[in-house]
Amino acid sequence: MITKLNELYKVLLSKYKGGISNTSTSKFNDIKDLFKDRYDLNEDDVYATGAGNRPGNLEVRLSQGVQATKHTALCLAFLIDKKGTKENREKLTNSTFVTIRKSLGRGKSSYDNIIIFIESEGELFASGLMYNDDSTIKDALLQDFNIELVKSVSTKEEQAEDQGDNNGSSTIERGTMSLNLKEPTNIILYGPPGTGKTFAMQSMISSLSDESAYFPTTFHQSLSYEDFVEGIKPIMESEDVQYKIEKGIFFLACEKAAQFAGYKSLNDCVQDDIASRKEKLDKAREENKLVLLCIDEINRGNVASILGELITLIEESKRLGADDELTAILPYSKEVFGVPSNLKIVGTMNTVDRSIMQLDSALRRRFRFVELLPNYSVPFKNDDAITILKRMNARIRCLLGKDNQIGHSYLMNASTNKEIYDVLINKIIPLLEEYFYDDIQKVRFVLNENDDTTYPFYIEDIEAKEAYDVYVSNGDIEEEEKHFYVLSDNATTEEDFNNYLKHLLGVSES
């Protein structure tokens, strides 16, 4: 089987220059047909995807879109090993096991088998198999492929690993998202407000081995390189103003990361020989000695100006301890500077504020973007809240697209109709008015109300209408058809709250 698979795979690589990093599942149709025929599977029983050389990419593809809610008998995952050794294939496979473990056989989505093929020096190797107790083709897979690593995910094993995850784990999960902090990849969490970006960041913070490993900051328009990295600052200790070079939060975070790896300072880390530095930094990551630099509202700052020439150094392959590590000379102190690989940079941004398409292309290349959308599978205290949120977001998507939806955190803790009503009046409707500016008709559309709605959130502003009629009659302007609305806040009883939510739930008001 591996010979036939390699033949088909080489055809795939010759047809699509993007190779397995191009994740369009339709490009794997010939390979899927090979497995369907061999193991007597249906079209929907096989899913194939590429994930480059990053297990985190695979986890995202297993847990988002259609795959997030369906059962799949066999997943074919293709990754790249850039080093070309069996040892590194095993390391990559183990890392993938850790990252995708909870995507197999848990929640709404499940995979009976996930077989990992790794391309190494132009050849595919069957490097790993994860299977659960429902697998019916596991034995056949093992017979057909010389699989290097095999792992069963039983209920007991999952429970044991879950307990381990709660005790110093560096893998953080939120809904269908999983982030491995040991990977030196920079991450930007983006999405509409209320989708759990800050919560995910807080989860990362709680997993750190030391509170001093957390460095928070917020980007804004006036933030500069001198604030973030290093700059000359005045000292007001006497009548004579003196100046000194002051280190910014980015430098301090890098220094702490070097200290966590066993160095006295970042300079000691930079001056160490390459082999020793790589060993110490790799060990620091494995032992969860990580430093987390959290940048809130990363899109609000001028990133190219704030990072300057150092934007190259935050790249995964250019970190200290990486194969292609780079350093730079800082402009003020003239110190040699590098970014340790055990420093994790995580940013957040609201897509409502600014689309990620407008971000600097150099920044986009150096960050992995993780989209967080409203998650209806998180525990809601009231099922009606889920229905209301889904219906409103469907209408928002048709008008503004997915970036302006309302996150699940707005309604997930509302347990009664009164609490749902209060959130709508005090939080969601003001947000909708901001989305649509003065176009209240679109806000009313999102709320599924019209002139025939018995209990509308918006009622006609009679006084404004009368004033407009006077204005038109006294002025020299042509009358336009205008509607004036004011927000109604008349609900006081449980019956009132129930009535006001009926049209949002799609229930007949009669």
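Just above, that's the structure.
Residues numbered from 1 in each chain as written. Predicted model: local features only at pLDDT ≥ 70, side-chain atom pairs only at ≥ 80, totals over all residues. Heavy atoms only, no water.

K.L.:
Lay out a nonpolar patch on the surface with the relevant residues and their values.
P.N.:
Nonpolar side chains collect at one region of the surface, where I232, M236, V241, Y243 and I245 lie side by side and expose about 520 Å² of accessible area between them. Position of I232 relative to the elements: it lies in strand β10 (residues 230–235). (Patch = residues over 30% accessible without salt bridge, like charges linked within 9 Å, V, L, I, M, F, W, Y side chains within 5 Å. Areas by Shrake-Rupley, 256 points an atom, 1.4 Å probe, with all protein chains shown as cover. Salt bridge = Lys/Arg side-chain N within 4 Å of Asp/Glu carboxyl O. Helix = DSSP H or I, 4+ residues; strand = E, 2+ residues; numbered from the N terminus.)

K.L.:
Which residues make up the packing of helix α15 (residues 417–436) against helix α18 (residues 494–505), and what values do they have?
P.N.:
When two helices pack together, their arrangement is captured by the angle between the axes and the distance separating the axes. Their axes nearest at 9 Å, the elements α15 and α18 cross at an angle of 60 degrees. The orientation of α15 relative to α18 falls into the category oblique. Like other packed secondary-structure pairs, α15 and α18 cross with a definite hand, here left-handed. Facing α15, whose interface residues are N417, K418, I420, Y421 and L424, α18 presents E494, F497, N498, Y500, L501 and L504. (Axes fitted to C-alpha atoms, helices over the stretch in contact; angles between N-to-C directions. Parallel < 35°, antiparallel > 145°, perpendicular 65-115°, else oblique. Left-handed = near helix turned anticlockwise from the far one by under 90°. Contact = heavy atoms within 4.5 Å.)

K.L.:
An account of the sheet that holds strand β9 (residues 214–218) is requested, with residue identities and associated values reported.
P.N.:
An order of β9-β12-β15-β8-β16 is seen for the five strands of this open sheet, with the pairing classed as parallel. Sheet topology places β9 and β16 (368–371) at the edges, where each strand pairs with a single neighbour. With direction set aside, neighbouring strand axes in the sheet form an average angle of 20 degrees. Here four bridges tie strand β8 (residues 187–191) to β16, and the two strands are oriented parallel to one another. The residue of β16 that forms the bridge with I187 is R368. (Pairing = 2+ DSSP bridges.)

K.L.:
Can you break down the packing of helix α14 (residues 383–400) against α15 residue by residue, with the values?
P.N.:
Between α14 and α15, whose axes approach to 12 Å, the crossing angle comes to 10 degrees. Viewed along their axes, α14 and α15 adopt a mutual orientation that is roughly parallel. Residue-level contacts link D384, A385, I388, M392, I396, L399 and L400 of α14 to N417, I420, L424, I428, L432, Y435 and F436 of α15. Its residues assigned to classes, the contact of α14 with α15 shows 12 nonpolar, one polar and one charged. (Nonpolar A, V, L, I, M, F, W, Y, C, P; charged D, E, K, R; others polar.)

K.L.:
Explain the packing of aromatic side chains to me, and be specific about the residues and the numbers.
P.N.:
Under the counting rule described, the total for this entry stands at 18 aromatic pairs. Geometrically, the ring pair formed by Y421 and F457 is stacked, given 5.9 Å between the ring centres and 25 degrees between the ring planes. Residue Y421 is found in helix α15, and its partner F457 is found in the loop between α16 (440–446) and β17 (458–460); the two are separated by 36 residues along the sequence. On the accessibility criterion, Y421 (1% relative accessible area) is buried. Following the ring pairs from residue to residue traces out a cluster consisting of Y9, F28, F35, Y39, F78, F117 and F145. The ring of F125 carries R89 above its face, with NZ or CZ at 3.7 Å from the centroid. (Phe/Tyr/Trp six-rings, centres within 6.5 Å; stacked < 30°, edge-to-face > 60°. Buried < 20%, exposed > 50% of the residue type's maximum accessible area, 1.4 Å probe, protein only. Lys NZ or Arg CZ within 6 Å of the ring centre and 35° of its normal.)

K.L.:
How would you sum up helix α9 (residues 249–260)? Please name residues and give values.
P.N.:
Helical periodicity: at 3.6 residues per turn, an α-helix aligns residues three or four positions apart in one direction. With 12 residues, α9 should cover 16 Å at 1.5 Å per step; its first-to-last C-alpha distance of 16 Å lies within 8% of that length. The set of residues buried in α9 consists of I249, F250, F251, A253, C254, A257, A258 and F260. Just downstream of α9, G262 is the residue with a positive phi angle, here 105 degrees. (Expected span 1.5 Å × (residues − 1).)

K.L.:
Can you lay out the sheet that holds strand β5 (residues 149–153) for me, pointing to particular residues and giving the numbers?
P.N.:
Strand order across the open sheet formed by five strands is β1-β2-β3-β4-β5, with mixed pairing between neighbours. With partners counted over all chains shown, the strands left at the sheet margins are β1 (46–50) and β5, one partner each. Neighbour-to-neighbour, the strand axes of the sheet open up by a mean angle of 20 degrees, direction not taken into account. Of the strand pairs in this sheet, strand β2 (residues 71–81) and strand β3 (residues 110–120) are connected by 10 bridges, and their pairing is parallel. In the strand pairing of β3, D81 is matched with S120. Seen against the sheet, helix α1 (residues 2–15) touches β2, β3 and β4 (123–132) and runs at an angle of roughly 115 degrees to β4. Strands in contact with helix α2 (residues 29–39) are β1, β2 and β3; relative to β2, the strand with the most contacts, it is inclined by about 130 degrees.

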